[in-house]
Amino acid sequence: FAHIPIDRYHANKRVSSSMLKTFNSLGARGYQLRHLLGQYPLPQTKPMLVGQAFEDLVCGRSEPIIIEGDGRTTPVKAKKAEAEAKNEERVAEGLAPHPIFTGKGTDEVSDFMRQAHINFMKNDELTKLVGRCVEQPTLFGSYPGLPGLQARPDWGNTDGEFPDLKVTEDLDSFMQKFVKFDYHVQAALVRRCAREMGIEKPTHMHIVAERRVPFRVQVMDIPEELMQIGEARLERSLEELAECYRRDEWPLCAQRTVMRVPAWMLAKKEG
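Residues numbered from 1 in each chain as written. Predicted model: local features only at pLDDT ≥ 70, side-chain atom pairs only at ≥ 80, totals over all residues. Heavy atoms only, no water.

1. A short note on the overall build of the chain
Part 1: Check the secondary structure of the chain and you find ten helices and nine strands.
Part 2: Scaling as 2.2 N^0.38, a compact globule of 271 residues should have a C-alpha radius of gyration of about 18 Å, and the chain matches this with 20 Å.
Part 3: Along the first, second and third principal axes, the C-alpha set of the chain runs to 55 × 50 × 40 Å.
Part 4: In the chain, 68% of the contacts between residues at least 6 apart in sequence involve partners at least 24 apart.
Part 5: By element, 52% of the accessible surface of the chain is carried by carbon and sulfur atoms, the whole surface being about 16200 Å².
Part 6: Averaging the coordinates of the 38 positive side-chain charges in the chain and doing the same for the 39 negative ones gives two points 5 Å apart. (Helix = DSSP H or I, 4+ residues; strand = E, 2+ residues; numbered from the N terminus. Rg over C-alpha atoms; globule rule 2.2 N^0.38 Å. Contact = heavy atoms within 4.5 Å. Areas by Shrake-Rupley, 256 points an atom, 1.4 Å probe, with all protein chains shown as cover. Lys, Arg positive; Asp, Glu negative; His and termini not counted. Charge placed at Lys NZ, Arg CZ, Asp CG, Glu CD.)

Structure representation (structure tokens):
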């Protein structure tokens, strides 16, 4: 596997799962603005920062920066300014900045980090799985008409095991978010690149940690049926995106459409 700094990975022109997510959710024009013209970057939400900090923690890269106290006070502002200055140094060195948490909600973040990390280490299935892998392998692939493909799962090995770490509000609702956030498409891109690199039978699973009490951490294997749906969605997206590249046309959206009736309303009507 290639091991490249995260800033170089994101600066690469190859198409990644986050870029495909932009294309599927914001359309061709949104893709062009964000990923080709460098405008309107994806804003970092608090759940995204929590997930990033937890990954750094379980991989032993760094402890989360949690500054407790009123964010309006001078001492807290000074600590935050110091942490931000260190982050600027990291960015200058080509390293990813550490997430910083201040003000309201720091107690909840601190509890999650501590308890979920303990539960992470107690899960024997999880630790054995991660122990067989390397961190953040970069996989490359190709597609006609595109500048290449790339994928970067959180862990992976040449036997084809590719776990991804996800932080969710609770385990029970994760499946709904799984499809909503195109995690099955993300896994399908990893599979496509892995096969192109000679790994014939890749398997995909998520390590899911919940932010709520009791902070359970569980390995969830992705069923083959869902992988096939993800592969079909991936193929459609790549074909449509490649057409935009070939023509160098990035349409905004259809000028007119027909609204879809929600499935739950149809079911209620039939009932």
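2. Brief notes about the packing of aromatic side chains
Part 1: Tallying each qualifying case throughout the model produces eleven aromatic pairs.
Part 2: Taking the centre distance of 5.3 Å and the plane angle of 80° together, the rings of Y245 and W250 count as edge-to-face.
Part 3: Taken together, the aromatic side chains of F23, Y31, Y245 and W250 make up a single cluster linked through ring pairs. (Phe/Tyr/Trp six-rings, centres within 6.5 Å; stacked < 30°, edge-to-face > 60°.)

3. Considering the sheet that holds strand β7 (residues 161-168)
Part 1: With mixed pairing, three strands are arranged side by side in an open sheet as β7-β8-β9. Strands at the two margins of the open sheet, each flanked by one partner only, are β7 and β9 (217-221). Averaged over neighbouring strand pairs, the angle between their axes works out to 25° when direction is ignored.
Part 2: Taken together, the five bridges between strand β8 (residues 203-210) and β9 define a ladder with antiparallel strand orientation. Bridging across to β9, H206 finds its partner in M220.
Part 3: Strands in contact with helix α8 (residues 183-196) are β7 and β8; relative to β7, the strand with the most contacts, it is inclined by about 160°. (Pairing = 2+ DSSP bridges. Axes fitted to C-alpha atoms, helices over the stretch in contact; angles between N-to-C directions.)

4. Topic: empty space enclosed by the protein
Using a probe with the size of a water molecule, rolled over the atoms, empty space left in the structure can be pinpointed.
Part 1: Enumeration over the complete set of coordinates arrives at one cavity of 30 Å³ or more.
Part 2: Considering only enclosed or pocket space, the largest cavity measures out at about 40 Å³ in volume.
Part 3: Along its surface, the largest cavity is lined by F162, D164, A187, V190, H204, M205, H206 and I222.
Part 4: Every element with two or more residues in the lining of the largest cavity is listed here: β7, α8 and β8.
Part 5: Here the lining of the largest cavity takes three residues from β8, the largest share from any one element.
Part 6: Its residues assigned to classes, the lining of the largest cavity comprises five nonpolar, two polar and one charged. (1 Å grid on protein atoms, 1.4 Å probe; cavity = no way out; pocket = protein on both sides within 12 Å on 5 of 7 lines; lining within 4 Å. Points joined across faces, edges and corners; volume = space filled by probe spheres on them. Nonpolar A, V, L, I, M, F, W, Y, C, P; charged D, E, K, R; others polar.)

5. What about the pattern of salt bridges?
Part 1: Enumeration according to the criterion identifies 17 salt bridges in this entry.
Part 2: Of the charged contacts, one joins R61 and E135 as a salt bridge, the two residues approaching to 2.9 Å between their closest N and O atoms. One end of the pair, R61, is in the loop between α3 (46-58) and β1 (65-67); the other, E135, is in strand β3 (residues 134-135), with 74 residues separating them in the sequence.
Part 3: Salt-bridge contacts for R191 lead to E224; the nearest nitrogen and oxygen are separated by 3.1 Å. With R191 in helix α8 and E224 in helix α9 (residues 224-247), this pair connects stretches of sequence that are 33 residues apart. (Salt bridge = Lys/Arg side-chain N within 4 Å of Asp/Glu carboxyl O.)

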